[in-house]
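# Structural characterization, general
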Amino acid sequence: MAKAPSRKSKDAAPTAATDEDFSLHSLQAAFEKAKRYDASEEEMLRFYEQMLLIRRFEEKAGQLYGLGLIGGFCHLYIGQEAVAIGLQSALDNDRDSVITGYRDHGHMLAYGLDPKVIMAELTGREAGISKGKGGSMHMFSTEHKFYGGHGIVGAQVPLGGGLALAHKYRGDGGICLAYFGDGAANQGQVYETFNMAALWNLPIVFVVEDNQYAMGTATKRSSAETRFYRRGTAFRIPGMEVNGMDVLEVRAAAEVAFKHVREGNGPVLMECNTYRYRGHSMSDPAKYRTRDEVQEQREKHDPIEGLKKVLMEAGKSEDDLKAIDKDIRKTVSEAADFAENSPEPDKAELYTDVLVEEY
């Protein structure tokens, strides 16, 4: 049987310069050349403080949940700190936007927002960032271009596409950073958004925070393709695979991805491989994995301990870093006290922010 003729002529053999698929791999190639961000000592200290603030804040949130001061669902970010800090430290806070799912406390703290207003929101108080009406899963701040906090799995991704379209429409030079998890990666609306973002060349970075277990099912049991950064290939979206437990590697990836998007080249799909130490939410006992597995992650891959080691090699002493931790614990304790002593919203607040009053 005769072989079917190729759609490409022999004279059009693909090369690095002409292969249409080459652009899908070029970002990873550029990232591989310099996988660690060359941070100054001042920057590393700031990353360390920010990650430690998220860790201590989330530990305190877990305690308050146990005391009944935080109601509803509560999804902690413990273990994933390097992703939010590495990425959001590279954003332009005057023009870029961020949207995420329900594990959102860490992303808000990564903005440098006052822990008091975030803890007040967790406890449903009037002083909270969303007036106590958003709680753990639905924090929101248009002032800081942070658009949630969304409880429906994957719902934030098409909304992120809309934010990116707004950036393009206004011509403000901003990009949208849209986070979602390995569980949400199997939602159909994610791929519809990939298609539109690529078709319209939108300024958006899709970030898969792959913490290995989604809501309690290991990725290898639920996903035919577990290398999530490759899932944009069908839509001609370049992908990047990043160690999400290393803040300097995440920041280096952000530099490459954000530059690509800002230069008008369309969306990027980034997979940050990370690990949550706690259950999916506070009500999840996480019996689908062993304690030894979690302990190994803590001992060998913890993002905070990893950066601590780098800082000590650069000359910081154990006492220096202990002093930082002491100050952060005090800050978090004050945030908890502030939240506990703040009043609940007035009942009239039930009727505000329901409809847009001005268009």
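Residues numbered from 1 in each chain as written. Predicted model: local features only at pLDDT ≥ 70, side-chain atom pairs only at ≥ 80, totals over all residues. Heavy atoms only, no water.

It is the contact of helix α2 (residues 41-66) with helix α11 (residues 303-313), at a shortest axis distance of 10 Å, that shows an interaxial angle of 155°. One finds that α2 runs roughly antiparallel with respect to α11. The two elements α2 and α11 meet at a crossing, and its hand is left-handed. The segment α2 lies against α11, with Glu41, Met44, Leu45, Phe47, Tyr48, Met51, Leu52 and Arg55 engaging Pro303, Ile304, Leu307, Lys308, Val310 and Leu311. Partitioned by chemical class, the residues of the contact of α2 with α11 number 11 nonpolar, no polar and three charged. (Axes fitted to C-alpha atoms, helices over the stretch in contact; angles between N-to-C directions. Helix = DSSP H or I, 4+ residues; strand = E, 2+ residues; numbered from the N terminus. Parallel < 35°, antiparallel > 145°, perpendicular 65-115°, else oblique. Left-handed = near helix turned anticlockwise from the far one by under 90°. Contact = heavy atoms within 4.5 Å. Nonpolar A, V, L, I, M, F, W, Y, C, P; charged D, E, K, R; others polar.)

Taken as a whole, this structure holds 10 aromatic pairs when the rule is applied. Plain terms: the ring middles of phenylalanine 140 and tyrosine 147 are 5.7 Å apart, the flat faces sit at 80° to each other, and that makes the pair edge-to-face. Between the aromatic rings of phenylalanine 194 and phenylalanine 235, the centroid separation amounts to 6.0 Å while the plane-to-plane angle is 70°, which identifies the pairing as edge-to-face. Here phenylalanine 194 is found in helix α7 (residues 188-199), whereas its partner phenylalanine 235 is found in the loop between α8 (219-222) and β4 (239-243), with 41 residues between them in sequence. Note on phenylalanine 194: relative accessible area 2%, which makes it buried. Note on phenylalanine 235: relative accessible area 22%, which makes it partly exposed. Connected via pairs of aromatic rings, a cluster forms that spans Phe180, Tyr191, Phe194, Phe206 and Phe235. Residue placement shows arginine 251 over the ring face of tyrosine 37; its charged tip is 4.4 Å from the ring centre. (Phe/Tyr/Trp six-rings, centres within 6.5 Å; stacked < 30°, edge-to-face > 60°. Buried < 20%, exposed > 50% of the residue type's maximum accessible area, 1.4 Å probe, protein only. Lys NZ or Arg CZ within 6 Å of the ring centre and 35° of its normal.)

Turning our eyes to something else, we now look at the pattern of salt bridges. Enumeration according to the criterion identifies 21 salt bridges in this entry. With a shortest N-O distance of 3.1 Å, arginine 56 and glutamate 59 are connected by a salt bridge. Highlighted residues: arginine 56 and glutamate 59, both in helix α2, separated by three residues, approximately one helical turn. For glutamate 59, a relative accessible area of 24% puts it in the partly exposed group. The shortest N-O distance in the salt bridge between aspartate 353 and lysine 131 comes to 3.4 Å. Highlighted residues: aspartate 353 in the segment after α12 (318-340) and lysine 131 in the loop between α5 (115-122) and α6 (156-170), separated in sequence by 222 residues. Overall, aspartate 353 belongs to the exposed group, its relative accessible area being 56%. One connected set of salt bridges, linked through shared partners, spans Arg56, Glu59, Asp325 and Arg329. (Salt bridge = Lys/Arg side-chain N within 4 Å of Asp/Glu carboxyl O.)

Where β4 and strand β5 (residues 268-273) come together, five bridges link them in parallel fashion. Bridge assignment links asparagine 243 to a residue of β5, and that residue is asparagine 273. Between the parallel elements β4 and β5, the chain passes through helix α9 (residues 247-262) in a crossover that is right-handed. (Pairing = 2+ DSSP bridges. Right-handed = clockwise from strand over helix to strand, strands pointing away.)

Positionally, serine 281 belongs in the loop between β5 and α10 (291-301). For serine 281, the contacting residues outside a window of four places in its chain are Phe73, Cys74 and His75.

Parts of the prediction with low pLDDT should not have their coordinates interpreted in detail. Across the protein chain, pLDDT averages 92, with 94% of residues at or above 70. Between residues 1-17, whose pLDDT stays under 50, and residues either more than four places distant or in other chains, the model counts three contacts. (pLDDT = per-residue confidence, 0-100.)

Counting buried positions along α5 yields six of eight residues, so the element is predominantly enclosed. Within the span of α5, buried status applies to Pro115, Ile118, Met119, Ala120, Glu121 and Leu122. Taken together, the buried residues of α5 touch α2, α4 (105-110) and α12. Between the side-chain oxygen at the start of α5 and the backbone nitrogen of lysine 116 there is a gap of 2.9 Å, and the oxygen is on aspartate 114. One or two residues past the end of α5 sits glycine 124, with phi positive at roughly 70°. (Polar contact = N/O pair within 3.5 Å; in protein donor to acceptor, adjacent residues only side chain to side chain.)

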